[in-house]
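Secondary and tertiary structure notes
The chain contents come next:
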Amino acid sequence: MKIALIAHDKKKDDMVQFTIAYKHILEKHDLFATGTTGLRIQEATGLKIQRFQSGPLGGDQEIGALVAKNEMDAVFFFRDPLTAQPHEPDVSALIRLCDVYAIPLATNMGTAEILVKGLERGDFTWRNIIHEKN
């Protein structure tokens, strides 16, 4: 599966801890991330990650383009709901695209835990049907 990892500044530590805890699951998949988040994850875990621009410089939109082409299977986006983001329209657009294309999206640790456990169990195999249609 192709998985995007994104985190706002105040949630980057949470994302790093999440990827350390679930490295054994994530390492079996193709990982993508926005710039700084991807770098922090790589440094902490050694996971292979394709990095895009940072979120405010277009990284959210780059991931959104993959979602729109149905080339992303899940998005883990740890958002900071208490801090205004200068690129909030990009964030909203990415979330909307996940809804439009039925891409599983976790915006907090609780939902991320459920999604990653589902990933481990093979609950995402329905995405293979989607890929076969394209």
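A few points on the structure. Keep in mind that this is a model prediction, so the values were computed, not measured. (Residues numbered from 1 in each chain as written. Predicted model: local features only at pLDDT ≥ 70, side-chain atom pairs only at ≥ 80, totals over all residues. Heavy atoms only, no water.)

1. What to know about the sheet that holds strand 5 (residues 105–106)
Hydrogen bonds between backbone atoms are what pair the strands of a sheet, whose relative direction is either parallel or antiparallel. If you trace the 5 strands from one edge of the open sheet to the other, you get 3-2-1-4-5, paired in parallel fashion. Whereas interior strands pair on both sides, the edge strands pair on one side only; in this sheet they are strand 3 (49–51) and strand 5. Taken together, the 2 bridges between strand 4 (residues 74–78) and strand 5 define a ladder with parallel strand orientation. What sits directly across from Phe76, in strand 5, is Ala106. Where helix 4 (residues 59–68) meets the sheet, its contacts fall on strand 1 (2–7), strand 2 (30–33) and strand 4, and the angle it forms with strand 1 comes to roughly 155°. On top of the sheet, helix 5 (residues 88–100) reaches strand 1, strand 4 and strand 5; it is set at about 145° to strand 4, its chief contact. (Pairing = 2+ DSSP bridges. Helix = DSSP H or I, 4+ residues; strand = E, 2+ residues; numbered from the N terminus. Contact = heavy atoms within 4.5 Å. Axes fitted to C-alpha atoms, helices over the stretch in contact; angles between N-to-C directions.)

2. Concerning the nonpolar core
Ranked by size, the top nonpolar core spans 22 residues in total, and within it Ile3, Leu5, Met15, Phe18 and Phe76 carry the most contacts. Of all elements in the fold, only strand 1, helix 1 (12–21), helix 2 (23–26), strand 2, strand 4 and helix 6 (109–121) reach the threshold of two or more residues within this core. Counting residues per element, this core draws most heavily on helix 6, which supplies 4 residues. Not counting the four nearest positions on each side in its chain, Leu5 is found in contact with Met15, Thr19, Leu31, Phe32, Ala33, Thr34, Thr37, Ile41 and Phe76. Ala4, Phe32, Phe52 and Leu97 belong to the second-largest nonpolar core, a separate cluster that totals 16 residues. (Core = buried A, V, L, I, M, F, W, Y, C linked by side-chain atoms within 4.5 Å. Buried < 20%, exposed > 50% of the residue type's maximum accessible area, 1.4 Å probe, protein only.)

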